[in-house]
Amino acid sequence: MRSGGAGAVRVGTRLPPLEIEITRTLIVAGAIASRDYQDVHHDPESARRKGSPDIFMNILTTNGLVGRYVTDHFGPDTVLRKVAVRLGAPNRPGDTMVLTGTVEGTDGDTVTVGVVGSNGIGRHVTGTVTLTLPGGGPG
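Being a predicted model, the structure only gives us computed values, none of them experimental. (Residues numbered from 1 in each chain as written. Predicted model: local features only at pLDDT ≥ 70, side-chain atom pairs only at ≥ 80, totals over all residues. Heavy atoms only, no water.)

**Description of the sheet that holds strand β4 (residues 110-119)**
Then step 1. Strand order in the open sheet formed by five strands is β1-β3-β4-β5-β2, with antiparallel pairing between adjacent strands. The open sheet has two free edges, formed respectively by β1 (14-21) and β2 (79-87), since each of these has just one partner strand. Ignoring strand direction, the axes of neighbouring strands in this sheet form an average angle of 20°.
Then step 2. Where β2 and strand β5 (residues 122-132) come together, eight bridges link them in antiparallel fashion. Across the sheet, Ala84 pairs through a bridge with Thr128, a residue of β5. (Pairing = 2+ DSSP bridges. Helix = DSSP H or I, 4+ residues; strand = E, 2+ residues; numbered from the N terminus. Axes fitted to C-alpha atoms, helices over the stretch in contact; angles between N-to-C directions.)

**A look at the side chain of Asp36**
Then step 1. Along the polypeptide, Asp36 turns up in the loop between α1 (24-33) and α2 (44-49).
Then step 2. The side chain of Asp36 sits in the buried core without any salt bridge; Lys50 is the nearest counter-charge, 10.0 Å away.
Then step 3. Leaving out residues up to four positions away in the same chain, Asp36 has contacts with Ala31, His41 and Asn58. (Buried < 20%, exposed > 50% of the residue type's maximum accessible area, 1.4 Å probe, protein only. Lys, Arg positive; Asp, Glu negative; His and termini not counted. Salt bridge = Lys/Arg side-chain N within 4 Å of Asp/Glu carboxyl O. Contact = heavy atoms within 4.5 Å.)

**Structural notes on the pattern of salt bridges**
Any two side chains of opposite charge can pair, on the condition that their charged atoms come close.
Then step 1. Per the stated rule, a full pass over the model turns up four salt bridges.
Then step 2. Among the ionic pairs, Glu45 bridges to Arg48, the shortest N-O distance being 3.5 Å. Of this pair, Glu45 and Arg48 are both found in helix α2, three residues apart, which corresponds to roughly one turn of the helix.
Then step 3. Of the charged contacts in the structure, one is a salt bridge between Asp72 and Arg68, with a shortest N-O distance of 3.1 Å. With Asp72 and Arg68 both in helix α3 (residues 59-74) and four residues apart, this pair spans about one turn of that helix.
Then step 4. Judged by relative accessible area, Arg68 falls into the partly exposed class, the value being 38%.

Put into C-alpha cells, the structure is as follows:
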C-alpha cells in the first residue's frame, strides 16, 4: 500500500475492471445472506409468473459486490462510508457483470468513486462509493 492516503489518489484514475460470473448459487446465496426471501430471487417459476424469464439478483447482493470491488482495489483497511446505488438491467444466471470505477473526488483521506456494473443486457448498477483510506492509498 502506498503512503499518503487520499492525496496519493488522483481524480480520473480508473480502477481495473472486475468480472463477476452471475450464477444461480450467487443470486440465491446473496438473497439468503441478506434475509431477502422474495421468491423472484430463488424460485424460477415464481419469477416467470411475475414477468421475469428467471430469478434475478437483489439490490443488497449488488451493494455488497460494489463494496467488494472498491475494497479489493484500495485495500482491506478501506472504510466504506457510503454506498449509493441504482439498479437497472437485472443480473440473471448465466450472465457476467463487469464492474468499472473512476475516482471522482478526493478530500483529505476521503475518496469518492463512481461505479458502473454492466451485463449482457445493459447497465445493472450505477452508483457512488465514498470511502476513507486510513494510513495509506491503493496498493
